[in-house]
Amino acid sequence: MTALAQTPALTAAAYKSDYRPVWCPGCGHYSVLSSLTKALAELGLQRENVAVISGIGCSSRIPAYTSVYGFHSVHGRALPVATGLKVARPDLTVVVAGGDGDGYSIGGNHFLHACRRNVDLTYLVMDNQVYGMTKGQASPTTPADWDRSKLTPHGTGVSPFHPLAVALAAGANFIARCYAGDPNGTARVITEAVRHPGFSMVQILSQCVTYQPSQKEWKTTVRKADVTTTRDAVRAARWLMADDGLSTGVLYIGHRPIYRPELQASCSVDDLESGFVV
Amino acid sequence: MTDDVKDANRIDSVELFLAHALTLENEAADGYQEIGDSMAVHNNPEVAGLFLQMCKYGRMHADEVRELATGLDLPHIPPWEYSWEDGESPESASMDKMHYMMQPAQALALAMKAERQAHAFYAGVAASTANPRVRELAQQFAAEESEHVRLLGEWIAKYPPADDNWDYDPDPPAMPE
Ligand SMILES: Cc1ncc(C[n+]2csc(CCOP(=O)(O)OP(=O)(O)O)c2C)c(N)n1
Ligand code: SF4
Ligand SMILES: [Mg+2]
């Protein structure tokens, strides 16, 4: 894991860029940006040693609003881009950010394998249970009876995806849920997630006030989880499957070995070429 | 809040108090700036102007606190370990209450709520601290916040209340056909 300084050298504001977000006023993604910059300040990381990698979506615009390195990649492909970056530059702190559509639909298979590979990445999924950017279609985490989209006028009729249970089964090393309405609590969890070695999965309930206005109710329905963090995957699985998806906290911390590729060349170019001589 | 919790959150040193005040004022200003910018981006220049004005006042107050802290070694406190009542800085006008079509009276009412929360924080410190200098500073800051509440009240009186159909948008963010 990257060496972390003890005291913050920069304020949270120093990690924000001069670009004004185009998110709708009231969108939860503003708070996530604030939590992320507070966490980076708390970690005392130099800006040139951090990269935020995203896919496509309202949430995936976040790298542009930070002053660290960033890459606004292709829809669903944030995790492979970030994995490539981290294995090539293990000295960097790599944060991956995006939405539920980006991460669980088009990027769903990358999500499974990122958990399984356990490269030292922190994945922030700003989950609003909808495709916000493309004007409000159902996503994998949308409740089955959500009938507000003209594409699914009678609801999707499909069970929502359970990202944290899937992350646990696939091998993620740190599993947490946060809420955009609790920015300081979210900053704390992001800080812990970055510090924890391996693949850290942080689901952040981040309301889409435009296409999922009822998520304003999260203010009263989201609450702290009634359990302490466990290191026991079986216990975590049982708890996650019984939960309604509105409890927050660090729910599981694992200790699987992380994937670090051998960066030393194992043979020379000459050796390689000699294998092709006919 | 139980008495135990209140005691745990009691602020008894000038450095700790000024660290709280500085963060409160900085986060208030940052929040107003963010809301003002988002209103400007969403073509609501009047409300943007009000929030950016509030931001300017917030920055001035932060400068005043910084000046009071000159020569003192303020402690570093992680964001989640401040003695805020609900975990968040009290003068933050919360973004989740914002709407791109909101009208000035509504914007100022939200700013008023934030100022009242700041007043309650300072008054609470003044009432609970054991340090006379902290009490004196907290009373002074609480009085300033009261003055902001009064000025905001005058400001609000200059604007008509929001129209009944204030959020009617003839071209709303549309669900695709
Ligand atoms: C290959 C490809 N397919 C589809 C799209 C259209 N598209 C853009 S963003 C998006 C979904 C975004 O939803 P989410 O990741 O949940 O982000 P949010 O906007 O809700 O924050 C889709 C389907 C695209 N840009 N590229
Ligand atoms: S459409 Fe939804 S997710 Fe996108 S910026 Fe607006 S509120 Fe946020
Ligand atoms: Mg989404």
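Given the structure is predicted, the values throughout are model-derived calculations rather than measurements. (Residues numbered from 1 in each chain as written. Chains lettered and ligands numbered in written order. Predicted model: local features only at pLDDT ≥ 70, side-chain atom pairs only at ≥ 80, totals over all residues. Heavy atoms only, no water.)

Chemist: Tell me about the site of ligand 2, residues and numbers included.
Modeler: Surrounding ligand 2, one finds A:W23, A:C24, A:C27, A:H29, A:C58, A:N128, A:G132, A:C208, A:V209, A:T210 and A:Y211. Looking at the shell around ligand 2, its residues break down into seven nonpolar, four polar and no charged. (Near = heavy atom within 4 Å. Nonpolar A, V, L, I, M, F, W, Y, C, P; charged D, E, K, R; others polar.)

Chemist: Could you give me a rundown of the coordination of the magnesium ion (ligand 3), with the residues and numbers involved?
Modeler: Residues and elements named next belong to chain A. At 2.1 to 2.2 Å from the magnesium ion (ligand 3) lie its protein donor atoms, namely D100 (OD), N128 (OD1) and V130 (O). Each donor residue of the magnesium ion (ligand 3) lies on one chain, and together they are spaced D-x27-N-x1-V. You can call V130 buried: its relative accessible area is 2%. (Donors = N, O, S within 2.8 Å, 3.2 Å for Na, K, Ca; no water. Buried < 20%, exposed > 50% of the residue type's maximum accessible area, 1.4 Å probe, protein only.)

Chemist: Before we move on, could you go through helix α2 (residues 14–41) of chain B and cite the residues and values that matter?
Modeler: All names here are of chain B. Taking 1.5 Å as the rise per residue, α2 with 28 residues should run 40 Å; its terminal C-alpha atoms sit 40 Å apart, in good agreement. Within α2, 21 of the 28 residues are buried, which leaves the element mostly enclosed by the surrounding structure. One or two residues past the end of α2 sits N43, with phi positive at roughly 60 degrees. (Helix = DSSP H or I, 4+ residues; strand = E, 2+ residues; numbered from the N terminus. Expected span 1.5 Å × (residues − 1).)

Chemist: Please set out the pattern of salt bridges residue by residue, giving values where relevant.
Modeler: The final tally for this structure, using the stated rule, is 13 salt bridges over all chains. One salt bridge connects A:K38 with B:E27, and the closest N-O pair in it is separated by 3.1 Å. In this pair, A:K38 is assigned in helix α1 (residues 29–43) and B:E27 in helix α2, connecting two distinct chains. The class for A:K38 is buried, based on a relative accessible area of 9%. Note that B:R59 and B:D30 form a salt bridge whose closest N and O atoms lie 3.0 Å from each other. In this pair, B:R59 is assigned in helix α3 (residues 45–68) and B:D30 in helix α2, connecting sequence segments 29 residues apart. (Salt bridge = Lys/Arg side-chain N within 4 Å of Asp/Glu carboxyl O.)

Chemist: Tell me what's going on with the pairing of strand β3 (residues 93–99) of chain A, and back it up with residues and numbers.
Modeler: All names here are of chain A. For β3, a buried count of seven out of seven residues is recorded, marking the element as mostly surrounded by other parts of the structure. By the alternation rule, side chains of β3 split into T93, V95, A97 and G99 and V94, V96 and G98, which are all buried. As paired elements, strand β1 (residues 50–54) and β3 share five bridges and run parallel to each other. Along β3, the bridge assignment pairs V52 with V95. (Pairing = 2+ DSSP bridges.)

Chemist: How would you explain the interface of chain A and chain B if you had to name every residue and give the values?
Modeler: Taken residue by residue, the interface counts 32 residues in chain A and 27 residues in chain B. When chain A packs against chain B, close to 2500 Å² is buried across both sides, 59% of that on carbon and sulfur atoms. By the criterion of area lost to chain B, the three top residues of chain A are A:R20, A:P25 and A:N184, representing 24% of everything that side buries. The interface formed by chain A and chain B includes two salt bridges. Taking the shortest distance from any N to any O, the salt bridge between B:E34 and A:K16 comes out at 3.6 Å. The interface formed by chain A and chain B contains five residue pairs in polar contact (both at pLDDT 80 or more). Listing elements by their share of the side of chain A that touches chain B, those giving two or more residues are α1 and α6 (183–195) of chain A. Looking at the side of chain A that touches chain B element by element, the count peaks at six residues for α6(A). Here the residues of the side of chain A that touches chain B are counted per class, giving 11 nonpolar, 10 polar and 11 charged. (Contact = heavy atoms within 4.5 Å. Buried area = accessible area lost by both parts, 1.4 Å probe. Polar contact = N/O pair within 3.5 Å; in protein donor to acceptor, adjacent residues only side chain to side chain.)

Chemist: Explain the site of ligand 1 residue by residue, including any values.
Modeler: Residues and elements named next belong to chain A. Looking at ligand 1, there are 17 residues lining it, with C58, S59, G101, D102 and G132 nearest. Between ligand 1 and the protein, one listed contact pairs an oxygen atom with a backbone N or O atom of C58 at 2.8 Å. Interatomic distance of 2.7 Å between a side-chain N/O atom of S59 and an oxygen atom of ligand 1. In the shell around ligand 1, the residues fall into six nonpolar, nine polar and two charged.

Chemist: Can you break down the nonpolar core residue by residue, with the values?
Modeler: Among the nonpolar cores identified, the biggest contains 56 residues, and A:I62, B:Y32 and B:M98 are the most heavily contacted of them. With eight residues, α1(A) is the largest single contributor of residues to this core. Look past the residues within four positions of B:M98 in its chain and what remains in contact with it is A:P25, A:G26, B:I35, B:M39, B:F51, B:A93 and B:L110. Core analysis: the second largest hydrophobic core is formed by 31 residues, A:I53, A:A82, A:Y123 and A:L168 among them. (Core = buried A, V, L, I, M, F, W, Y, C linked by side-chain atoms within 4.5 Å.)

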